[in-house]
Amino acid sequence: MLFNLQDGLLRTYATKFFCFTWSMIRFRTFILISFCLSVGDMEEAFSQVKNKQGMEFSIKKTKSTIKLDGVIDEEGWQNAAVATNFYLNFPVDTMPPTYQTEARLTFDEHFFYVSFVCYDNMEKPNIVQSLRRDFDFELNDNIGIYIDPYNDHTNGFYFLTTPYNVQGEGTVYGGGTMPDSYNSNWDNKWYSFVKRYQDRWVAEMAIPFKSFRYNNKVEHWNVTFMRNDLKHNQISSLIATPIQYMGSSFAYAGNLYWDEPAPHPGANISLIPYAANVTNRDTENGIPTSSTTAIGLDAKVAVTPALNLDLTVNPDFSNVEVDRQVINLTRFEYQFPERRTFFLENSDLFSTPGYPDTRPFFSRRIGLVRDASGNLQKVPIAYGARLSGKIGKDWRIGVMNLQTKKAESLGLPDQNYTVAVVQRQIFSRSNIDFFVVNKQSLGLGQYDSTKFYHSDLIRTVWNGHDSTKKLNLYNRVIGADFNLFTKSNRWGGDFYYHHSFDDFNTNNNYSYGGFLNYSTRHFSMMASNYSVGKNYNAEVGFVPAQAVYNGFIGGFYRTEGKLYPKTGSITNMGPALQFDYTQLLNQIVTDRSVTVEYNINFKNTMRIQAQGRRVFQLLPMPYNPIDPMGTVAFQTGQQFEWNEANLQFNSDTRKTFRFSARTSAGNYYNGTKYGIGGTLSYRYQPYGNITVTYDYQDIKMSYGSAKFLLVSPRIDLTFTDKLFFTTIVQYNDRYNNVGLNARFQWRFKPASDFFIVYTENYFSDTFASRNRALVFKLTYWLNL
């Protein structure tokens, strides 16, 4: 059997579920206070607004050919319904925008067409950072469509364009309720054209039905449009949306009815082969120059219009943008984002179970591993397959399997990874899911003291009379999550229970918790409570605190207030109060902090945040804050308490030169810590920008001192909307490294690219080369 459940496990589940339920009762007082304080908190009246939640509009099939030329004179556009009367979502939500927008939709057998007429003051230049696709929404003028093609108010896609015809697309999950509900790393093939006039700019889009997943049998889709008119600092959407919610949220979408059903895309298979040549040299370890050539293939197969099969053979991720380095002064692992394309579509199915610090699955655990020195190394992936999407109206599934190759230098055998998720929508927008994560090490056999093994594979066990080494052959996690999303977006939450399995532990291997938030115009509150057993082990997940506490209980409570001055230069402002805590399973509190802050947002896009924090720590293990890998400075059980203050300022993002600055000062364990950081950015519109990110920390402790500096200049040049050049340098003396990454990209056809990537790392003290690599890579997207 897949799971060797032992006697009494059901009783253990019942006990843990009771404990979970009891911990959730701790939310009750918080929720009652939230409800009572919000009584009388009146939303602005939208009685005069024409475009409300669920407004209906139709889409008709065009009988004429649509030409993307910025002139919407075809019969299909003339017969299309006009969606207009956009309403402001920011900086206020009580009036129309200064400049209105019109949207039209039509379709034929192959394309979903969208057109926008964006009225504007064209004498004032539009704001775009560059001609690079997948731009930052907040920093560019843009218009887009947000589609929920399953009619579940939860999952979907978005397609954006700027006045310079720069494309951006991505996926939406969780109903689009939060900024992190939008994943811009998803990439696909579609077409657009923009033409600028004296009083407006017109955008046309042609999105192939083969490029996104949809249910062509549902009665209607949920659709909305949102425009960021950055140069006037206004965000407007088709549906009037209260300012505390995202204007692109599916809770505030219209109902798009099809005059005839959306067409079935027919045979929908895409092949994306690649060829790459990589030249490496590792001077630091005395490895001479070598050159290898690799070929591989990705494939996308639409099993149904809403269910997709992704396949990959010998994938290569050498063209993926490098991680942005940080100065990490915490005791916990830093979570870098996933940018590898294979893991992105429907990624919320796999990556969102649990709480952000108790995720049972984190895709960067596959194909990446730390060596004995703590450096991140790549492990080749032999192949992978993922089936994901929608089945019917209420069911989603996701199954992913990948195989990594043996890496003898890292002490790793062939390993297989499997993740399976089944999700069922309940109520209006909520859902419940069940999942399993499995990691299997293949061909290991018994422990052999003459062989080199990665530390993840070895466990020390007691055999009854002596300690002995045993190999870790597998690791599994199963669990269930309930995700709460109310129709109005006012309430949201997540409640879960997970359980891990391996050859070494049969008890205390649980993880459970809950999160609940409530928000209105002037007031919001959030609370979480979670617990991790001392033997819980999610090797393919992200639970950074487990390595420090070996079993813990944690949580936070936060409340925010917002005021909206009717006159003056301030858009909104308000205070916030947050309490965080962590305790061991024996109820000993190890971490506690109280944070008070005040936030001010200005009409010219400037922002100020002032923050004060009181911190308490009791160390559960030895620690050196200056050098975690160095000599022990503080012992287990030592207690520290200190105060710190932080101030952050963001300048007007519309200016050619913009900057952000932050400063911090205060005590730090038994010493002091002062820091400054921020970004400086100059925009040469529309061809690119130069940005410098910096972070400086000055630490003085009783046993020593340290000064850490991270400086990272980045040059982003876009010669055309198809030719891009990016160079980033990262000087980080905390890790004695200077990293250089230069990438040239030519998008010669939609979703087809040629890359030249040069990477080199130097020692920060001598600037001697550590290693270097040069990559030539060609990818081609072929629709069958």
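Every value quoted in this text rests on a predicted model; they were computed, and no experiment measured them. (Residues numbered from 1 in each chain as written. Predicted model: local features only at pLDDT ≥ 70, side-chain atom pairs only at ≥ 80, totals over all residues. Heavy atoms only, no water.)

Please provide a residue-by-residue account of the overall build of the chain, values included.
When helices and strands are tallied, the chain shows four helices and 43 strands. Against the compact-globule benchmark of 28 Å for 784 residues, the chain has a radius of gyration of 27 Å, which places it among compact chains. Taking the principal axes of its C-alpha atoms as reference, the chain extends roughly 85 × 65 × 60 Å. Taking all 784 residues of the chain together, 53% fall into the buried category. (Helix = DSSP H or I, 4+ residues; strand = E, 2+ residues; numbered from the N terminus. Rg over C-alpha atoms; globule rule 2.2 N^0.38 Å. Buried < 20%, exposed > 50% of the residue type's maximum accessible area, 1.4 Å probe, protein only.)

Could you give an account of the nonpolar core, naming the residues involved and the relevant values?
In this structure, Phe 112, Phe 116, Ile 145, Phe 159, Trp 221 and Phe 225 are the most contacted members of the largest nonpolar core, which totals 41 residues. Of all the secondary-structure elements, those providing two or more residues to this core are β1 (56-61), β4 (101-107), β5 (111-119), β6 (142-148), β7 (156-161), β11 (200-208), β12 (220-229) and β14 (254-258). In this structure, Ile 145 is in contact with Leu 105, Phe 112, Val 114, Phe 116, Phe 157, Tyr 158, Phe 159, Met 205, Val 223, Thr 224 and Phe 225, ignoring residues within four places of it in sequence. The next biggest cluster of nonpolar side chains, apart from the first, holds 30 residues, and it includes Leu 349, Val 477, Tyr 536 and Val 548. (Core = buried A, V, L, I, M, F, W, Y, C linked by side-chain atoms within 4.5 Å. Contact = heavy atoms within 4.5 Å.)

Before we move on, could you go through the pattern of salt bridges and cite the residues and values that matter?
Throughout the structure, instances matching the rule amount to 38 salt bridges. With its nearest N and O atoms 3.7 Å apart, the salt bridge here joins Asp 120 to Arg 227. Taken together, the residues Asp 120 in the loop between β5 and β6 and Arg 227 in strand β12 connect sequence positions 107 residues apart. For Asp 120, a relative accessible area of 4% corresponds to the buried category. (Salt bridge = Lys/Arg side-chain N within 4 Å of Asp/Glu carboxyl O.)

So what about the side chain of Arg 213? Which residues, and what values?
For Arg 213, the position within the fold is in the loop between β11 and β12. Assessed through its relative accessible area of 3%, Arg 213 is described here as buried. A distance of 3.3 Å separates the side chain of Arg 213 from the backbone oxygen of Lys 210, its partner in a polar contact. Every residue in contact with Arg 213, bar those within four places of it in the chain, is listed here: Pro 149, Tyr 150, Phe 157, Asn 268, Pro 305, Ala 306, Asn 308 and Glu 345. (Polar contact = N/O pair within 3.5 Å; in protein donor to acceptor, adjacent residues only side chain to side chain.)

Just give me the short version of the packing of aromatic side chains, but keep the residues and values in it.
The tally for this structure, following the rule as stated, stands at 56 aromatic pairs. Note on Phe 209 and Tyr 214: the rings are 5.4 Å apart at their centroids and 55° apart in plane angle, and the pair reads as tilted. Comparing Phe 209 with Tyr 214, the two get one shared label, buried. Of the aromatic side chains, those joined through ring pairs into one cluster are Phe 107, Phe 112, Phe 157, Phe 159, Trp 186, Trp 190, Phe 209, Phe 212, Tyr 214, Trp 221 and Trp 258. Cation over ring: Arg 476 sits above Tyr 474, and NZ or CZ is 4.3 Å from the ring centre. If you follow Arg 734 out to its NZ or CZ, it ends over the ring of Phe 708, 4.6 Å from the centre. (Phe/Tyr/Trp six-rings, centres within 6.5 Å; stacked < 30°, edge-to-face > 60°. Lys NZ or Arg CZ within 6 Å of the ring centre and 35° of its normal.)

Any chance you could break down the environment of Ser 769 for me, citing the residues and the numbers?
The topology assignment puts Ser 769 in strand β42 (residues 769-779). Contact partners of Ser 769, with chain neighbours within four places excluded, come to Thr 283, Glu 760, Asn 761, Tyr 762 and Phe 763. Of the polar contacts made by the side chain of Ser 769, one reaches the side chain of Glu 760; its length is 2.7 Å.

If you had to explain the pairing of strand β30 (residues 552-561) to someone new, which residues and values would you point to?
Among the 10 residues that make up β30, seven are buried, leaving the element largely enclosed by the rest of the structure. Of the strand pairs in this sheet, strand β29 (residues 523-532) and β30 are connected by 10 bridges, and their pairing is antiparallel. Looking at β30, one finds that Tyr 530 is bridged to Gly 554. With nine bridges connecting them, β30 and strand β31 (residues 570-584) associate as antiparallel partners. Looking across to β31, one finds that Tyr 557 is bridged to Phe 579. (Pairing = 2+ DSSP bridges.)

With reference to specific residues and values, describe a nonpolar patch on the surface.
Residues Phe 657, Phe 659, Leu 680, Tyr 682, Tyr 684 and Tyr 687 make up a contiguous nonpolar surface patch of about 620 Å² in total accessible area. Of all the secondary-structure elements, those providing two or more residues to the nonpolar patch are β35 (657-668) and β36 (671-684). Looking at the nonpolar patch element by element, the count peaks at three residues for β36. Relative to the helices and strands, Leu 680 resides in strand β36. (Patch = residues over 30% accessible without salt bridge, like charges linked within 9 Å, V, L, I, M, F, W, Y side chains within 5 Å. Areas by Shrake-Rupley, 256 points an atom, 1.4 Å probe, with all protein chains shown as cover.)

So what's going on with the environment of Gln 78? Which residues, and what values?
Of note, Gln 78 is situated in helix α2 (residues 75-78). Since its relative accessible area comes to 53%, Gln 78 is described here as exposed. Put simply, Gln 78 and Arg 104 are 26 residues apart on the chain and 9.3 Å apart in space, counted from C-alpha to C-alpha. If we skip the residues at most four places from it in the chain, Gln 78 touches Ile 72 and Asp 73. Of note is the side chain of Gln 78, whose polar atom sits 2.9 Å from the backbone oxygen of Ile 72.

I'd like to hear about the confidence of the model for the chain, residue by residue, with values.
In low-pLDDT segments, the atomic positions of the prediction should not be examined closely. Of all residues in the chain, 94% have pLDDT values of 70 or greater, and the mean over the chain is 91. Every residue in residues 1-45 is under pLDDT 50, and counting partners more than four places away or in other chains gives 63 contacts. (pLDDT = per-residue confidence, 0-100.)

Hey, could you go over the side chain of His 499 for me, with residue numbers and the actual values?
Structurally, the position occupied by His 499 is in strand β27 (residues 491-501). Under the relative-accessibility criterion, His 499 is labelled buried at 3%. Only 2.9 Å separates the side chain of His 499 from the side chain of Asn 509, close enough to count as a polar contact.

Describe the environment of Phe 523, naming the residues involved and giving the relevant values.
Examined against the element boundaries, Phe 523 turns out to sit in strand β29. When the C-alpha atoms of Phe 523 and Asn 142 are compared, they prove to be 30 Å apart, with 381 residues separating the residues in sequence.

Please give an account of the pairing of strand β16 (residues 287-304) that cites residues and values.
Note: strand β15 (residues 269-282) against β16, 13 bridges, orientation antiparallel. In the strand pairing of β16, Ser 270 is matched with Lys 300. Linking β15 back to β16 in an antiparallel pair, the connection comprises four residues, with Gly 286 at a positive phi of about 70°. One ladder, built from seven bridges, connects β16 with strand β17 (residues 307-313); its direction is antiparallel. Within the sheet, the bridge partner assigned to Thr 304 lies in β17 and is Leu 307. Linking two consecutive strands that pair antiparallel, namely β16 and β17, is a turn of two residues.

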